[in-house]
Amino acid sequence: MLRLLPITFLILFACEPELPPAIVIMSPDHRISVELEQIQGYPTYHIEVEGKLLIRPSALGFRLRKQPDLTGPFKVIQTNQNEIKETWEPVWGQENLISSRSNMVRVELKEINSPGRKLILYFRVFDDGVSFRYEIPEQSELDSLFIIEELSEFNFAQNGQAWWIPGSHEFDAYEKLHNKSLLSEIDSANTPITYLSDDHFYISIHEANLSNYAAMTLKKTSADSLSFKSELVPWPDGDKVKTVTPMLSPWRTISIGWNAADLLRSRMILNLNDPNRLSDVSWIRPMKYVGIWWGMHIDKYTWVQGDRHGATTQNTKTYIDFAADNNIQGVLVEGWNQGWEQWGQEGALQLTSPYADFDIDSVTQYARDKQIAFIGHHETTANVSAYEEQLDTAFAYYANLGIHAVKTGYVGSIKPSGQYHYGQWMVNHFRRVVETAAKYHITIDAHEPIKATGIERTWPNMMTREGARGQEYNAWSEGNPPDHTTILPFTRLLAGPMDYTPGIFDICFDRYKKGNKVHSTLAKQLALMVVIYSPLQMAADLPENYTGQPAFQFIRDLETDWDESRYLEAEIGQFVTIARRYENKWFIGAITNEHGRTLSIKMSSITDSDMVAECYSDGADSDWEKNPTAIHIGSYLAKSSDSLKATLAPGGGLALYLRPVEDSDIDLRSISKLLQDQMTQK
Ligand code: NOJ
């Protein structure tokens, strides 16, 4: 229950409204507390976890154009508190039921001095973190609203190890490798930014329900080295948010864990979003997919029509056949529409005109006959004005062909120039796309997107997005080092699903490109399909690289929508092991960074019945650099009393599929022999 402290203090200040009371809000389990305090009428908050200071007093408020700052001094008009308990069923997700409890306080403030404007603060304290947001209510003194700065501060109490990508002036590019440094060494960061405090709390700062507002980055304030404030992505004229009252800001979120896996378990960001707005969700389908995609990135194919054109009628049908034969439900096709040769030019990409060698009616009919979802593509080259003009037409075109999934793309600088990918104008564009797509019963996989903030709860057709360095960087850059995928789960992935596009089997692809490679073992590529959650999960390699490969059976068997997920072990940047259940089947993915390690899993932590474990593990000599494709594959009997020990190679991983035992399985070796077999490659 929410606690106001102390009662006598409250009564005392009820007579002195310009010196309002301190308000303490506890998490339901009483481990986290937030104290909202007005220092000479200026509101601040600070956070304690189990009595230890996590965030020192931090200011709140706004700077507004042509208006005095909206920071105080205020008097408290009203406070309301309530406990919120909720259980809801996501349309798809890492589990089929989400429960949350939190204590919320709403504090209505009014400026003591003229013009006497009102500001409302909301704080919600969950067992796994703290969130707050602002409301600027409708009022005669404020109609149109131009926010030039949000003044929310995050004054951390402890230094610690942080994982982050740059913020300031990086308003178009989340696709960066994470920096690892002391919190005190950061100047600015995009969120989520995650850090392990010196007193051993795992903290991640982000935002939830980013709607009609600019994205937040964190910027160091000059005051001292652990103090940050919100820096919003600007419009071309420098304003941050242009709106009218009433205005509700996104939630600022501070996720708190006692260990790294706690961060993975948290659903606070989803819980801070509004319930599902779509009544009919029958057309929303989590799925595995393959695509005419990696071939272009490794130069086997071209997007443009020509000798090596990927998206021809015949080649697409071959991909559809492959999907249908291998329990894969979708095929993404890029480069089927005219205009790729004029990349970047005004109005180049024709979203409704197929190339001459691509018969879209015949291909989509073929896909329908085989019950394969055709995944369309809208590359906009960030020419957003042009895209907006044809939004309805472009989605209607796909809808008429029976297509229910589209990947979007925004490569390049935004046109109109001066707008950023993460500014309010683009936030609204991205939402308009999701809403328009919903009208046509189309789901979205957005590349070069705005960050995930949990809006998939409200708009479950917003299924997955990029928003970080994906697999494609392995095709044409120095690549993603092995620890990249052991950092992503604790940073970018805390925000929501990611279309990383794992599953590359031909690790070096020398036939097409020498000098580039995937920086992992083959077993890790399988494990990533479990670890990196995405309701649209791509098996990214060329079909011919899967054909005849025993390891491909894992991808055939894999599910993409989960009844339950368990986070078995985790340490940021080092390793993570996740088990996910679909009905009575479990899939486990374990990955490591550049260091090999031994993994130990008690079967009782997953199941109390005996299971058959189809294991895909690194071999004795596997190594992401020297021997990436060596893999040990075997079927074992896993009793709930068994412990599984396995070795993960440097840059390696382990993928397991656990299924109920059938009569024919009783002669299998025990899972306790896995490590021994790995060593002898049996
Ligand atoms: C970048 C996207 O991330 C990638 O997936 C896509 O293939 C290219 N743009 C072309 O649209």
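It should be emphasised that the depicted structure is a prediction, and the values quoted were computed from it without experimental measurement.

Trainee: Give a detailed account of the sheet that holds strand E32 (residues 611-618), specifying residues and quantitative values.
Mentor: The seven strands lie next to each other as E28-E29-E30-E35-E32-E33-E36, forming an open sheet whose pairing is mixed. Every other strand in the sheet has two partners, leaving strand E28 (564-571) and strand E36 (669-670) as the edge strands with one partner each. Taken together, the eight bridges between strand E29 (residues 575-582) and strand E30 (residues 585-592) define a ladder with antiparallel strand orientation. Looking at E30, one finds that Ile 578 is bridged to Gly 589. Sitting on the sheet, helix H13 (residues 522-531) is in contact with E29, E30, E32, strand E33 (631-638) and strand E35 (653-660), with an inclination near 120° to E30.

Trainee: Which residues make up the domain arrangement of the protein, and what values go with them?
Mentor: Taken domain by domain, the protein holds domain 1 (13-271), domain 2 (287-521 + 528-553) and domain 3 (575-680). Relative to domain 2, the C-alpha centre of domain 1 lies at a distance of 33 Å. Here domain 1 and domain 2 share an interface that buries about 3,800 Å² over both sides, 61% of which is from carbon and sulfur atoms. Between Glu 207 and Lys 451 there is a salt bridge; the shortest N-O distance is 2.6 Å.

Trainee: Please set out the pattern of salt bridges residue by residue, giving values where relevant.
Mentor: Inspection of every chain in the model, using the stated rule, returns 35 salt bridges. Across the pair Asp 239 and Arg 65 runs a salt bridge whose closest N-O atoms are separated by 2.7 Å. With Asp 239 in the loop between strand E17 (227-232) and strand E18 (241-244) and Arg 65 in the loop between strand E5 (62-64) and strand E6 (74-88), this residue pair connects regions lying 174 residues apart in the sequence. A relative accessible area of 29% means that Arg 65 is categorised as partly exposed.

Trainee: Pulling in residues and values, what's your account of the site of the ligand?
Mentor: If you check the shell around the ligand, you find 13 residues, and the closest are Trp 293, Glu 334, Glu 379, Lys 407 and His 447. Measuring from an oxygen atom of the ligand, one finds a side-chain N or O atom of His 297 at 2.9 Å. Glu 334 is positioned with one of its side-chain polar atoms (N or O) 2.6 Å from an oxygen atom of the ligand. When the free accessible area of the ligand is taken as 300 Å², the share hidden by the protein chains comes to 94%. Across the shell around the ligand, the residue classes tally to four nonpolar, three polar and six charged.

Trainee: Lay out the environment of Trp 303 with the relevant residues and their values.
Mentor: One can find Trp 303 in the loop between helix H4 (294-297) and helix H5 (313-325). Owing to a relative accessible area of 23%, Trp 303 belongs among the partly exposed residues under this scheme. For the pair formed by Trp 303 and Lys 524, sequence separation is 221 residues and the distance between their alpha carbons is 29 Å. Reaching out from Trp 303, the side chain makes a polar contact with the side chain of Glu 334 at a distance of 2.9 Å.

Trainee: Tell me about the nonpolar core, residues and numbers included.
Mentor: Counting residues in hydrophobic clusters, the biggest one holds 152 residues, and the most contacted among them are Leu 36, Tyr 45, Ile 47, Phe 62, Phe 123, Phe 154 and Ile 254. Sort the elements by how many residues they give to this core and helix H9 (residues 424-439) lands first, with seven residues. Filtering out sequence-adjacent residues up to four positions away, Phe 62 remains in contact with Asp 69, Leu 70, Thr 71, Leu 119, Tyr 134, Ile 136, Ile 147, Glu 149, Glu 150, Leu 151, Tyr 213 and Met 247.

Trainee: Talk me through the sheet that holds strand E23 (residues 373-379); I want residue IDs and the actual numbers.
Mentor: One open sheet accounts for seven strands, arranged E26-E25-E24-E23-E22-E21-E27; its pairing is parallel. In this open sheet, the two edge strands, each paired with only one partner strand, are strand E26 (462-465) and strand E27 (536-538). Going across the sheet, the axis of each strand differs from the next one's by a mean of 30°, ignoring polarity. Where strand E21 (residues 287-292) and E27 come together, three bridges link them in parallel fashion. Across the sheet, the residue bridging to Tyr 289 is Met 538, located in E27.

About the thresholds
Residues numbered from 1 in each chain as written. Predicted model: local features only at pLDDT ≥ 70, side-chain atom pairs only at ≥ 80, totals over all residues. Heavy atoms only, no water. Pairing = 2+ DSSP bridges. Helix = DSSP H or I, 4+ residues; strand = E, 2+ residues; numbered from the N terminus. Contact = heavy atoms within 4.5 Å. Axes fitted to C-alpha atoms, helices over the stretch in contact; angles between N-to-C directions. Domains from an automatic or database assignment. Buried area = accessible area lost by both parts, 1.4 Å probe. Salt bridge = Lys/Arg side-chain N within 4 Å of Asp/Glu carboxyl O. Buried < 20%, exposed > 50% of the residue type's maximum accessible area, 1.4 Å probe, protein only. Near = heavy atom within 4 Å. Polar contact = N/O pair within 3.5 Å; in protein donor to acceptor, adjacent residues only side chain to side chain. Areas by Shrake-Rupley, 256 points an atom, 1.4 Å probe, with all protein chains shown as cover. Nonpolar A, V, L, I, M, F, W, Y, C, P; charged D, E, K, R; others polar. Core = buried A, V, L, I, M, F, W, Y, C linked by side-chain atoms within 4.5 Å.

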